[in-house]
Amino acid sequence: MAKRVNEIDVKLLLFTLQKTTQFEELLSRRFTGSSMEDLISSETSSKKTESTNPFEEPHGKNPFEEDEEAEKPIPSTQTQLTTTESLMVSPFHGLISRCFESHLNIFVDSQDKNLAELIDRFVADLKIQGSSLAQAEIEGCCVLPSCADLFVFYKKCLLQCAQLSTGQPMLSLTSVFKKYLREYATRLLQSNLPRSNNASSITPVLPMSMSSLTKDFTRELRDLSSGGAAGLIQNFQSLLKEGDMSSTSPKYNKDDIARICTILTTAEYCLETTQQLEGKLKEKVQPALADKVDLGSEQDLFGSVISQCIQLLVADLEGACEPALITMAKTAWQTWESVGDQSQYVTLMTSQFKHYIPFIRDCLTSSRKYFTQFCMRFVNAFMARFVQQLYKCKPVGVVGAEQLLLDTHMLKTALLDLPSVGSQVARKPPASYSKMVVKGMTRAEMILKVVMDASDTNAKYVAHYMRLLPESDPSEFQKILDMKGVRRSEQQILVEIYRSQQTNQGNKEDSSGFTSVATSNTQGLPLSPDHESSRIKKLEKLIKRRL
């Protein structure tokens, strides 16, 4: 058989193995095999005869004997025979069929070829389905049927190999399984994620002529000195921004989002089933080889596909909210006249939440934990972007800061209700999610309260700043001074005071002497703290009344 190995195909090999095992079973039924057991035991005892080697040291005299025995590897054939003999029902079991084990690579190579053809067929079927797959996904996102077919094939291969051998061929088959798990993750999951038509930029770009026309017209309106003109400018700017945002097309349509969610749920199914497959392989393979079975890298690959899907959904919703954040940054908050209802950009963002979130939640009905992870990732990225755009709102007047504070509070309320927006069943979000939203948006509120602060001395203003934003740094402090409209010469004095107080606070020294020196500087801000605190209280009452 070794000389004619090129003539052996998998069908002939399996047929011969089947006939051989049937013959062994027939022998075990007709004969007890007691004489063979005596022969095996006599051969084992004859191996323990005393050695005639004159150079061999007596047993127990060699100081390295224990280490050598511990380090000496056990041959795989010996281990295999020991395990096989321990599992024998009769001495005839595996007596003849064992000689086929060295040729079971033919079976493994055949399964490799079958899996390659199976993956190619999966890819072709997915290309043929195309948009029809997305339409089916909209009604209810479930896993791709190909992944279930793949693991059913894996199960059949595993059971068949376990009947043939649980030794090295099982490890070879495990390597084949690993190979095509990676193929499935890359060729059927990652390669079929939708590509964005405008992935390079998520912000709208007006033609040069239209943009210059807008700037010139706005500049002419600002030249008007009447109070009504200021309100007209604000309304006209909001209309222009709303027109810009309406011209922005989302990165993904509903079919694309449904496809992303379907790939996410498929990757989740593959991740969980791969964990079960690893357990079955370790259960079937010989105990001495169980440690060599490891599908951890394949599980990590499916986990990365899930993370990539979530990131695509987060980026898409971020892109939908980006025009509203740009509008907020470009609004003239210094000339804002009165605090009213929430601003137009807040309404636009909440409408995007109502448009996106219910659909994504329905698509991820079977993957609630990943929907929650999507919400947490989006909120974390959105709040960082919101604060970043908040720093661009400069200069900000007191009334403008009050309006921004009201808008921030309304956004915080909308983000707290984000996971259940548009749902008929009101579910309370996880405590970790609520804590993250409150922490992030409260920081934005503290920034605006610092902007509204009108302490009569620089030292009091810095102390108030450090009390509201204890984890800040000089660069952020300077950004807030820019929002407040403080001149550069005064900013340098305030930054030096801030650094000094930070040093004193870090060294836990008494700051009474420093405060007396700092208060001698009379370059302060015009309004009194009592007046400012009363304005904040009025604003908080207004927020409560509107809620």
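Since the structure is predicted, the reported quantities are computational estimates derived from the model, not experimental observations. (Residues numbered from 1 in each chain as written. Predicted model: local features only at pLDDT ≥ 70, side-chain atom pairs only at ≥ 80, totals over all residues. Heavy atoms only, no water.)

1. Focus on the packing of aromatic side chains
Right, on to step 1. Scanning the model with the defined rule gives 15 aromatic pairs in all.
Right, on to step 2. Ring geometry for Tyr154 against Phe177: centres 4.1 Å apart, planes inclined by 20 degrees, an arrangement best described as stacked. Here the residue Tyr154 occupies a position in helix α7 (residues 145-164), and Phe177 occupies one in helix α8 (residues 168-189), the gap between them amounting to 23 residues.
Right, on to step 3. By relative accessible area, which is 1% here, Tyr154 ends up buried.
Right, on to step 4. Residue Phe177 is classed as buried on the basis of its relative accessible area, which comes to 0%.
Right, on to step 5. Geometrically, the ring pair formed by Phe382 and Phe386 is stacked, given 6.3 Å between the ring centres and 20 degrees between the ring planes. Of the two residues, Phe382 and Phe386 are both situated in helix α14 (residues 368-391); the distance of four residues between them amounts to about one turn of the helix.
Right, on to step 6. Using a relative accessible area of 2% as the deciding quantity, one classes Phe382 as buried.
Right, on to step 7. Phe386 sits in the buried class, given a relative accessible area of 0%.
Right, on to step 8. By way of ring pairs, the aromatic residues Phe151, Tyr154, Phe177 and Tyr269 are connected into one cluster. (Phe/Tyr/Trp six-rings, centres within 6.5 Å; stacked < 30°, edge-to-face > 60°. Helix = DSSP H or I, 4+ residues; strand = E, 2+ residues; numbered from the N terminus. Buried < 20%, exposed > 50% of the residue type's maximum accessible area, 1.4 Å probe, protein only.)

2. Thoughts on the confidence of the model for the protein
Right, on to step 1. Summing up the model confidence of the protein, the mean pLDDT is 74 and the portion of residues at 70 or higher is 61%.
Right, on to step 2. Per-residue pLDDT stays below 50 along residues 198-249; that stretch engages in 43 contacts with residues further than four places along the chain or on separate chains. (pLDDT = per-residue confidence, 0-100. Contact = heavy atoms within 4.5 Å.)

3. Description of the packing of helix α13 (residues 344-363) against α14
The packing of two helices is summarised by the inter-axis angle and the distance between the axes.
Right, on to step 1. α14 packs onto α13 with a crossing angle of 160 degrees between their chain directions and a minimal axis gap of 11 Å. Classified by the angle their axes make, α13 and α14 are roughly antiparallel. Viewed along their axes, α13 and α14 form a crossing whose handedness is right-handed. Note on element contacts: α14 touches α13 through Arg368, Phe371, Phe374, Phe378 and Phe382, opposite Met349, Phe353, Ile357, Ile360 and Arg361.
Right, on to step 2. Split into classes, the residues belonging to the contact of α13 with α14 amount to eight nonpolar, no polar and two charged. (Axes fitted to C-alpha atoms, helices over the stretch in contact; angles between N-to-C directions. Parallel < 35°, antiparallel > 145°, perpendicular 65-115°, else oblique. Left-handed = near helix turned anticlockwise from the far one by under 90°. Nonpolar A, V, L, I, M, F, W, Y, C, P; charged D, E, K, R; others polar.)

4. Re the nonpolar core
Right, on to step 1. Core analysis: the largest hydrophobic core is formed by 120 residues, its most contacted members being Tyr184, Phe374 and Phe378.
Right, on to step 2. Of the residues forming this core, the biggest block, 15 residues, is contributed by helix α12 (residues 296-330).
Right, on to step 3. If we skip the residues at most four places from it in the chain, Phe374 touches Ile310, Leu313, Val314, Leu317, Ile357 and Ile360. (Core = buried A, V, L, I, M, F, W, Y, C linked by side-chain atoms within 4.5 Å.)

5. Brief notes about the side chain of Ser343
Right, on to step 1. Structurally, Ser343 is set in the loop between α12 and α13.
Right, on to step 2. Among the residues examined, Ser343 registers a relative accessible area of 9% and is labelled buried.
Right, on to step 3. Looking at Ser343, its side chain comes within polar contact range of the side chain of Asp407, at 2.6 Å.
Right, on to step 4. When sequence neighbours within four positions are dropped, the list of residues in contact with Ser343 reads Trp333, Gln403 and Asp407. (Polar contact = N/O pair within 3.5 Å; in protein donor to acceptor, adjacent residues only side chain to side chain.)

6. Description of helix α15 (residues 398-416)
Right, on to step 1. Look at α15: 27 Å from first C-alpha to last across 19 residues, which is about the 27 Å you get at 1.5 Å a residue.
Right, on to step 2. The buried count for α15 comes to 15 of 19 residues, which makes it a mostly enclosed element. (Expected span 1.5 Å × (residues − 1).)

7. Topic: unusual backbone geometry
Right, on to step 1. The linkage connecting Lys394 with the following residue, Pro395, adopts the cis geometry, with an omega of -10 degrees.
Right, on to step 2. Along the chain, the position of Pro395 falls in the loop between α14 and α15.

8. Looking at the environment of Tyr433
Right, on to step 1. Residue position: Tyr433 is located in helix α16 (residues 431-452).
Right, on to step 2. Among the residues examined, Tyr433 registers a relative accessible area of 0% and is labelled buried.
Right, on to step 3. When the C-alpha positions of Tyr433 and Cys375 are compared, they lie 8.2 Å apart, and in sequence the two are 58 residues distant.
Right, on to step 4. Non-local contacts of Tyr433, meaning those with residues more than four positions away in its chain, are made with Cys375, Met376, Val379, Leu415, Leu416, Leu418 and Pro419.

9. Digging into the pattern of salt bridges
Right, on to step 1. Scanning all chains against the criterion turns up twelve salt bridges.
Right, on to step 2. Of the charged contacts in the structure, one is a salt bridge between Lys179 and Asp112, with a shortest N-O distance of 3.6 Å. Of this pair, Lys179 sits in helix α8 while Asp112 sits in helix α5 (residues 105-129), and the two are 67 residues apart along the sequence.
Right, on to step 3. Overall, Lys179 belongs to the partly exposed group, its relative accessible area being 34%.
Right, on to step 4. Residue Arg182 is joined to Glu298 by a salt bridge in which the shortest nitrogen-to-oxygen separation is 2.5 Å. With a gap of 116 residues between them, Arg182 in helix α8 and Glu298 in helix α12 connect regions that are remote in the sequence.
Right, on to step 5. Given a relative accessible area of 37%, Arg182 falls into the partly exposed group. (Salt bridge = Lys/Arg side-chain N within 4 Å of Asp/Glu carboxyl O.)

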